[in-house]
Amino acid sequence: MPEKVKKKSDKKGKKEPLVVHEYYTDCTKPDMLYGALVRGPVSSGTIVGISVPALPEGYAFFTARDIPGKNAMRTLASDTPIFCTERVSYFGEPVGIIVGPDEETVYELTSKIEIAFDSATVESALRSVAKGYALPAVTLPKEKSDSKKLLKIAHAMHIDDPADTSVPLAKGGDDALEKESEALSERTHRAREVVAERTVKTGCFLSEGKAKALFKNADHTVSGTWIQNIVQPSWPETNGAFCFMENGTLTIFAPTQWPIYLKNAVSSALKIAEDRIVIKGTNTSGHDANGMWRNATLVIQASLAAYLTGKPVKLSLSREEHKTFMKPGVAASITCESAVSKEGDILATKISIEADVGYCNPFAQEIVDRLAIASCGVYDIPNIFISAKAATSPSSPTSVFADIIDAQAFFAIENHVQQIAERANILPSEFRIKNMRTSSKESAMPFTFRTGKTEAVIANAVKISDYNRKYAAFKIDTVEKSDPLDTFFALPIRGIGMACAFGGSGYLNNDLVTEKQKVSVTLEEDGTVTIHSPVPSSTISDIWTKLVSSLLKVPPSAVTISPDEQGGSDLPTPNSIYGSLSITTQLLHQCCTELEKKKTAKASLPITVKKGLPPSIKKLWNKENFCGVPFYASSFGCAVVEIELDPYTYKERIKGIWITIDCGHVFELRAAENTIRIAIQQELVQLVKGETISCDSVHISFVQSDAPPSQIGNLVHSIVPAAFSAALSQAIGFSIRELPCSAETMHSKTQNLSGESA
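Conventions we followed
Residues numbered from 1 in each chain as written. Predicted model: local features only at pLDDT ≥ 70, side-chain atom pairs only at ≥ 80, totals over all residues. Heavy atoms only, no water. Helix = DSSP H or I, 4+ residues; strand = E, 2+ residues; numbered from the N terminus. Buried < 20%, exposed > 50% of the residue type's maximum accessible area, 1.4 Å probe, protein only. Contact = heavy atoms within 4.5 Å. Areas by Shrake-Rupley, 256 points an atom, 1.4 Å probe, with all protein chains shown as cover. Pairing = 2+ DSSP bridges. Axes fitted to C-alpha atoms, helices over the stretch in contact; angles between N-to-C directions. Expected span 1.5 Å × (residues − 1). Core = buried A, V, L, I, M, F, W, Y, C linked by side-chain atoms within 4.5 Å. Salt bridge = Lys/Arg side-chain N within 4 Å of Asp/Glu carboxyl O. Polar contact = N/O pair within 3.5 Å; in protein donor to acceptor, adjacent residues only side chain to side chain. Phe/Tyr/Trp six-rings, centres within 6.5 Å; stacked < 30°, edge-to-face > 60°. Parallel < 35°, antiparallel > 145°, perpendicular 65-115°, else oblique. Left-handed = near helix turned anticlockwise from the far one by under 90°. Nonpolar A, V, L, I, M, F, W, Y, C, P; charged D, E, K, R; others polar. Patch = residues over 30% accessible without salt bridge, like charges linked within 9 Å, V, L, I, M, F, W, Y side chains within 5 Å. Lys, Arg positive; Asp, Glu negative; His and termini not counted. Charge placed at Lys NZ, Arg CZ, Asp CG, Glu CD. pLDDT = per-residue confidence, 0-100.

### Some points on the overall build of the protein chain
Looking only at helices and strands, the protein chain has 19 helices and 31 strands in total. Put simply, the protein chain has 758 residues, and 55% of those count as buried. In the protein chain, the proportion of contacts linking residues at least 24 apart, taken out of those at least 6 apart, comes to 78%. As displayed, the protein chain offers around 32300 Å² of accessible surface, 50% of which is attributable to carbon and sulfur atoms.

Here's what the structure looks like:
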């Protein structure tokens, strides 16, 4: 791994080596301390005391009372505590941080901290302990009511004797306890409140009677519920940070995608001026990274310890902590019900979306709106009813991930379309084209997407994968092999599936895209070129460098990217959340084109050209009525997945993945292909529990056009899972409605010929 060695001076002028790597976990510095969080072991309750044993020399424990500034992190319109002070809001909420020179000892000390809760939280504590979470220890106070039975259970589970607590406990009779229990029940109810919702109605759904009649008289009524859970891969770096104070300046190494927000949050908590805080962004771990806002809490906790001890501190979550408390995305259940004619036309669709955002999610409304927009896919349905809601729960806060924000909606609608096609006995490829929107077709849909050559994309995917022939052949095989007992000489079970989706770039429902999306380029006197923009990923940086080099006829080494004031580096939210990098790329192209004209006209150097979106772009989307064109540009992709299943072990093998995409003008074809291949590898980890499925071959093709470029990485996450589940469903003869799946689930379902879905 590449590294740099920099010399930093301490207050005495002594030089000390700071070793910096691409990942924060590899950063080191002399006298560095390790940090570990002490977490609340219950999902709801009131802390009445924390008992801390005598710590070894060189070790320290800090809580909310040690924070110089605000014990809250402001994200958009939401406040999240840095440390829990009294009332625990979710399971595993951080109560404090222990730091010390030995990492193993630090983690051992977390088990020595005892947290006492009031009597109303006894039952909640027992439920949490029963789940197997043992650290830190839970001290239960005595009660004078029928709840003594719970104390006996507590002793049987080896929970510390309540008499051992050193913290005074609240006293009261049965009435007081009953009131406390009622208060706890009320808090739990509030913990599941709906924090964001979106309702969309068109056509017959504007009249309840007409909608009922349409579904009653339809030739086919098809329904189902789909769930796609995002799995936390085992290979990425866990969340955390490396921080140190030096010469009055706080330096932070962390995988952040939002440095301006992080700097503000740290400044507010520690009461340090922002110009005394240096953020060094390290590599993030793909589309499941928490660098948007969740990692900021860990950064502040580590920074607090570094600020108070005066020593470097590295806080890195354990793999189990990362898996439990930093889950990627939000959990969502999506139910679709459609009325379909015998000719295969979708007449009406009802969609219900229920998302769980944990304790909080500042982007809850954004997530709900994006799921609602994507829930009908690319299909033209004259009558739709969409009800999307996000509710909180007593689990850890969640975040938003740009690459997978729409994926769950596409997983549901594409599987639903596959289900309808089979019921109507129409080839899934033909059914999709029949019900798809085209630019020349009148549409009653509230959302319009610039998806390009959709029919050409599907036709190409069908051709290169031989989809139609294989689908028909595998369907016959499935029927002939429906007897689960006849497997002694069984051949591998085969299936093939298809899925389509759009990938939106430049989300126009947010004013940040329409008003602050700007980029400028400066051609200097010495022939170098500076792109004034927030620095993107290394892949995008390479594309921008090659684009500028080609258009301005300068060597790539002469091009740099600088996030200064000209480029609008003060964006309140990162580019990635709204998929606006493709817009920046197009604006960059326009800047270079104009620069080349001025250069040819021999204008005096330096020359700076600045471009932004025209004001008319805001008219494409009606925020008040939630309709119109929601994205500045949209790519469109179709994936075909062919699988083979061992009839004895139910081990899956993907024989081939064929992907065709129309993403407008492709500036760098090889980089685009690499982006897709990386995304496919990420998905192969997400499909089956505890497995990474092998894939024999991947075929990628593009339908080129002169349309504005749009992002493509998120497309893979939207189409490969649905295509895989469709292929698997055909192979085993049952509808797979939840991913990741397991061999046990598939085996049990194939032994049951009742027709129930998995």
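### Thoughts on the sheet that holds strand 31 (residues 738-739)
Reading across the sheet, the six strands line up as 12-20-19-18-13-31 and stay open at both edges, with mixed pairing between neighbours. Edge positions in the open sheet fall to strand 12 (194-201) and strand 31, since each of these has one partner strand only. Packed on one face of the sheet, helix 9 (residues 364-374) meets strand 12, strand 19 (346-356) and strand 20 (383-391) and runs near 25 degrees to strand 12.

### Digging into helix 17 (residues 669-684)
Its 16 residues give helix 17 an end-to-end C-alpha distance of 23 Å, which sits within 8% of 22 Å, the value for a rise of 1.5 Å per residue. Taken as a whole, helix 17 has its buried residues at Ala671, Ala672, Ile676, Ala679, Ile680, Gln682, Glu683 and Leu684.

### What to know about the nonpolar core
By size, the foremost hydrophobic cluster in this structure holds 180 residues, and its most contacted members are Ile659 and Phe724. The biggest single contributor to this core is helix 18 (residues 713-732), with eleven residues. Discounting residues that sit within four places of it in the chain, Phe724 has contacts with Val641, Ile643, Ile654, Leu687, Val688, Ile693, Leu739 and Cys741. One finds Ala36, Val42, Phe61 and Ile98 within the second-largest nonpolar core, a separate group that totals 15 residues.

### A short note on the pattern of salt bridges
Taken as a whole and assessed by the stated rule, the structure comprises 18 salt bridges. Of the charged contacts, one joins Arg198 and Asp369 as a salt bridge, the two residues approaching to 2.8 Å between their closest N and O atoms. A residue pair is termed long-range when its members are at least 10 positions apart, and Arg198 in strand 12 and Asp369 in helix 9 qualify at 171 residues. Owing to a relative accessible area of 3%, Asp369 belongs among the buried residues under this scheme. Note that Glu208 and Lys212 form a salt bridge whose closest N and O atoms lie 3.5 Å from each other. With a gap of four residues between them, Glu208 and Lys212 both fall in helix 5 (residues 208-217), about one helical turn apart. Here Glu208 and Lys212 have matching classes, each one exposed.

### Here's the deal with the pairing of strand 3 (residues 33-39)
The element strand 3 is largely enclosed, with a buried count of six among its seven residues. Across three bridges, strand 3 lies against strand 17 (residues 313-316) in parallel orientation. Opposite Tyr34, over in strand 17, you have Lys314 as the bridge partner. Pairing of strand 3 with strand 9 (residues 94-100), which is carried by six bridges, proceeds in the antiparallel orientation. Within strand 9, the residue paired with Val38 across the bridge is Gly96.

### Looking at the side chain of Glu642
With respect to the helices and strands, Glu642 occurs in strand 28 (residues 631-645). A polar contact of 2.8 Å, which involves the side chain of Glu642, links it to the side chain of Lys470. In contact with Glu642, other than residues within four places in its own chain, are Lys470, Phe474, Gly495, Ile496, Arg653, Ile654, Lys655, Gly656 and Trp658.

### Topic: the packing of aromatic side chains
Summed over all chains, the structure comprises 17 aromatic pairs. For the pair Trp258 and Phe363, a centre-to-centre distance of 6.1 Å together with 50 degrees between the ring planes defines the contact as tilted. Here the residue Trp258 occupies a position in the loop between strand 15 (249-254) and helix 6 (259-270), and Phe363 occupies one in the loop between strand 19 and helix 9, the gap between them amounting to 105 residues. This pair shows no difference in class: Trp258 is buried, exactly as Phe363 is. On the numbers, 5.7 Å between centres and 25 degrees between planes, the contact of Tyr467 with Tyr471 is stacked. Note that Tyr467 and Tyr471 are positioned in helix 13 (residues 467-480) at a spacing of four residues, about one turn of the helix. Grouping residues by exposure puts Tyr467 and Tyr471 together as buried. Members of the aromatic cluster, each reached through a chain of ring pairs, are Phe410, Phe449, Phe502, Tyr507 and Phe631.

### A few points about the pairing of strand 21 (residues 493-507)
Here strand 21 lies mainly inside the structure; 14 of its 15 residues are buried. Relative to strand 28, strand 21 runs antiparallel, the two being bridged by 14 bridges. Bridging across to strand 28, Tyr507 finds its partner in Phe631.

### Some words on the packing of helix 15 (residues 538-552) against helix 16 (residues 581-600)
Packed helix pairs are characterised by how far apart their axes lie and by the angle those axes make with each other. Where helix 15 meets helix 16, the closest approach of the two axes is 9 Å, and the angle between their N-to-C directions is 20 degrees. The angle between helix 15 and helix 16 falls in the class roughly parallel. In this structure, the crossing between helix 15 and helix 16 has a hand that is right-handed. Contact residues: helix 15 offers Ile540, Trp544, Leu547, Val548, Leu551 and Leu552, while helix 16 offers Leu581, Thr584, Thr585, Leu588, His589, Cys592, Leu595, Glu596 and Lys599. Tallied by class, the residues present in the contact of helix 15 with helix 16 amount to ten nonpolar, three polar and two charged.

### Some remarks on the environment of Leu687
By the secondary structure assignment, Leu687 is in the loop between helix 17 and strand 30 (698-702). Residue classification places Leu687 among the buried residues on the basis of a relative accessible area of 1%. Residues Leu687 and Cys741, 54 residues apart in the sequence, show an inter-C-alpha distance of 6.5 Å. If near-sequence neighbours (up to four positions away) are discounted, Leu687 is found in contact with Ile654, Ile693, Pro721, Phe724, Leu739, Pro740 and Cys741.

### Digging into a negative patch on the surface
Negative charge collects at one region of the surface, where Asp102, Glu103, Glu104 and Glu108 lie side by side. Within the secondary structure layout, Asp102 lies in the loop between strand 9 and helix 1 (103-110).

### Notes on the confidence of the model for the protein chain
Any region with low pLDDT has predicted coordinates that should not be read closely. Confidence in the prediction of the protein chain, expressed as mean pLDDT, is 82, and 79% of residues score 70 or more. Confidence over residues 565-570 falls short of pLDDT 50; this stretch has 16 contacts with residues more than four positions distant or in other chains. Every residue in residues 753-758 is under pLDDT 50, and counting partners more than four places away or in other chains gives 14 contacts.

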